[in-house]
Amino acid sequence: MSDPVAERPDPAPRKGKRKRVHGRRGARLRPTPRATLIAILRIVLITTGLVTAYYVLPMVERNTLRTSALLAGGLLAVVLFFGWEVRAILRSPYPRLKAVEGLAATLVLFLVLFASAYYVLEGASPGSFTEPLTKTDALYFTLTTFTTVGYGDITASSQPARILTMLQMVGGLLLLGVAVRVLTSAVEIRLRRQHRGPRLGSDEPRDMERRDREKGA
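A quick note: this is a predicted structure, and the numbers were derived from the prediction, not measured.

Chemist: Just checking my understanding: could you explain the overall build of the chain for this structure?
Modeler: Regarding its fold elements, the chain presents eight helices and zero strands. Secondary structure elements of the chain occur, N-terminal to C-terminal, as α-α-α-α-α-α-α-α. When burial is assessed residue by residue, the chain has 34% of its 217 residues classed as buried. Carbon and sulfur atoms make up 64% of the accessible area of the chain, which amounts to about 13,900 Å² in all.

Right, dumping it as structure tokens:
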């Protein structure tokens, strides 16, 4: 007489277990309130720090060539900072949140850099703009140029000032077009890696995600 227990087919709980594990993995993609708060605080601190440095640091330069070199170095710093943010997105457990943080920080750095360049240019070559620029005026002109509002109360008069303004326009288009696309691609790559999960026999990706979550990235 056969044993009914032995003939009973084995249950297949593994599929259900996989679904539950996949559900937990998908839940980790949503930023926690703590991670969201940390990202907002970082954006506020970066913005406050850059704007404060812009107003506090002395900017007196009488050499136009040296001013151009400083601007080129600043633009290189923006590119390097942006590349560092892309790398951080590829390692963050919350890539969408990290992308917003990276774009905001890069944008503030870009605007402060050109505001500084306008202010220094006016000091090195008075009359470059239709009126003398204070630091607030330079920041105001930078924002109106970036947002394409163009109130017209402050305009570039000299050739170097107009070249610098056109450079900001092109840089702004690249920032809103190419940079956003790069950040979006980085987010998609990171999300695909998270959905695939770690490879069998390898705990390194899991350990990396755990470290990132502890940092609140």
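Chemist: How should I be thinking about the confidence of the model for the chain in this particular structure?
Modeler: Low pLDDT means the predicted atomic positions in that stretch should not be read closely. Taken over all residues, the pLDDT of the chain has a mean of 79, while the share at 70 or more is 75%. Per-element averaging of pLDDT across the chain places helix H2 (residues 13–27) at the bottom with 45 and helix H6 (residues 135–146) at the top with 94.

Chemist: Would you mind going over the nonpolar core with me for this structure?
Modeler: The nonpolar side chains of soluble globular proteins are, as a tendency, buried together. Formed by 35 residues in total, the largest nonpolar core has its most connected members in Tyr54, Ile89, Phe110, Tyr118, Phe129, Leu133 and Leu164. Only helix H4 (64–91), helix H5 (95–124), H6 and helix H7 (159–196) provide two or more residues apiece to this core. At twelve residues, H5 tops the list of elements feeding residues into this core. Beyond its immediate sequence surroundings of up to four residues, tyrosine 118 is in contact with Phe129, Leu133, Ala138, Phe141, Thr142, Leu164, Thr165 and Gln168.

Chemist: Sorry if this is basic, but what is going on with a nonpolar patch on the surface here?
Modeler: Nonpolar side chains collect at one region of the surface, where Val170, Leu174, Val178 and Val182 lie side by side and expose about 320 Å² of accessible area between them. Tracing the sequence through the fold places leucine 174 in helix H7. Residue classification places leucine 174 among the partly exposed residues on the basis of a relative accessible area of 47%.

Chemist: Explain the packing of H5 against H6 to me, please; I cannot follow it from the model alone.
Modeler: When two helices pack together, their arrangement is given by the angle between the helix axes and the distance between those axes. Running from N to C, H5 and H6 cross one another at 125 degrees; their axes reach a closest spacing of 8 Å. Considering the angle they form, H5 stands oblique to H6. For the crossing formed where H5 meets H6, the hand is right-handed. Counting all contacts with H5, which are made through Leu107, Phe110, Leu111, Phe114, Ala115, Tyr118 and Tyr119, the residues of H6 involved are Lys135, Ala138, Leu139, Phe141, Thr142, Leu143 and Phe146. For the contact of H5 with H6, a count of residues per class yields twelve nonpolar, one polar and one charged.

Chemist: Mind showing me how you'd approach the environment of leucine 41 here?
Modeler: Looking at the element boundaries, leucine 41 is found in helix H3 (residues 33–56). For leucine 41 and glutamate 101, which are 60 residues apart along the polypeptide, the C-alpha to C-alpha distance reads 9.8 Å.

Chemist: Looking at this model, I keep getting lost on the side chain of serine 116. Mind explaining?
Modeler: In this fold, serine 116 is placed in helix H5. Engagement of the side chain of serine 116 in a polar contact is seen with the backbone oxygen of valine 112, the distance being 2.8 Å.

Chemist: Would you explain the pattern of salt bridges in this entry?
Modeler: Side chains carrying opposite charge are able to pair once their charged atoms draw close together. Across all of its chains, the model carries two salt bridges by this definition. Between glutamate 101 and arginine 42 there is a salt bridge, and its shortest N-O distance comes to 3.7 Å. Placement of the pair is glutamate 101 in helix H5 and arginine 42 in helix H3, with a sequence separation of 59 residues. Using a relative accessible area of 27% as the deciding quantity, one classes arginine 42 as partly exposed.

Chemist: Help me understand H7 in this model?
Modeler: Think of an α-helix as turning once every 3.6 residues; residues three or four places apart then point the same way. If you check H7, its first and last C-alpha atoms are 54 Å apart, about what 38 residues at 1.5 Å a residue would give, namely 56 Å. Leucine 175 marks where H7 bends most, by close to 35 degrees. Where H7 begins, one side-chain oxygen reaches toward the backbone nitrogen of alanine 161, 3.3 Å away; that side chain belongs to serine 158.

Conventions adopted
- Residues numbered from 1 in each chain as written.
- Predicted model: local features only at pLDDT ≥ 70, side-chain atom pairs only at ≥ 80, totals over all residues.
- Heavy atoms only, no water.
- Helix = DSSP H or I, 4+ residues; strand = E, 2+ residues; numbered from the N terminus.
- Buried < 20%, exposed > 50% of the residue type's maximum accessible area, 1.4 Å probe, protein only.
- Areas by Shrake-Rupley, 256 points an atom, 1.4 Å probe, with all protein chains shown as cover.
- pLDDT = per-residue confidence, 0-100.
- Core = buried A, V, L, I, M, F, W, Y, C linked by side-chain atoms within 4.5 Å.
- Contact = heavy atoms within 4.5 Å.
- Patch = residues over 30% accessible without salt bridge, like charges linked within 9 Å, V, L, I, M, F, W, Y side chains within 5 Å.
- Salt bridge = Lys/Arg side-chain N within 4 Å of Asp/Glu carboxyl O.
- Axes fitted to C-alpha atoms, helices over the stretch in contact; angles between N-to-C directions.
- Parallel < 35°, antiparallel > 145°, perpendicular 65-115°, else oblique.
- Left-handed = near helix turned anticlockwise from the far one by under 90°.
- Nonpolar A, V, L, I, M, F, W, Y, C, P; charged D, E, K, R; others polar.
- Polar contact = N/O pair within 3.5 Å; in protein donor to acceptor, adjacent residues only side chain to side chain.
- Expected span 1.5 Å × (residues − 1).
- Bend = angle between axes of the 7 residues up to and from the residue.

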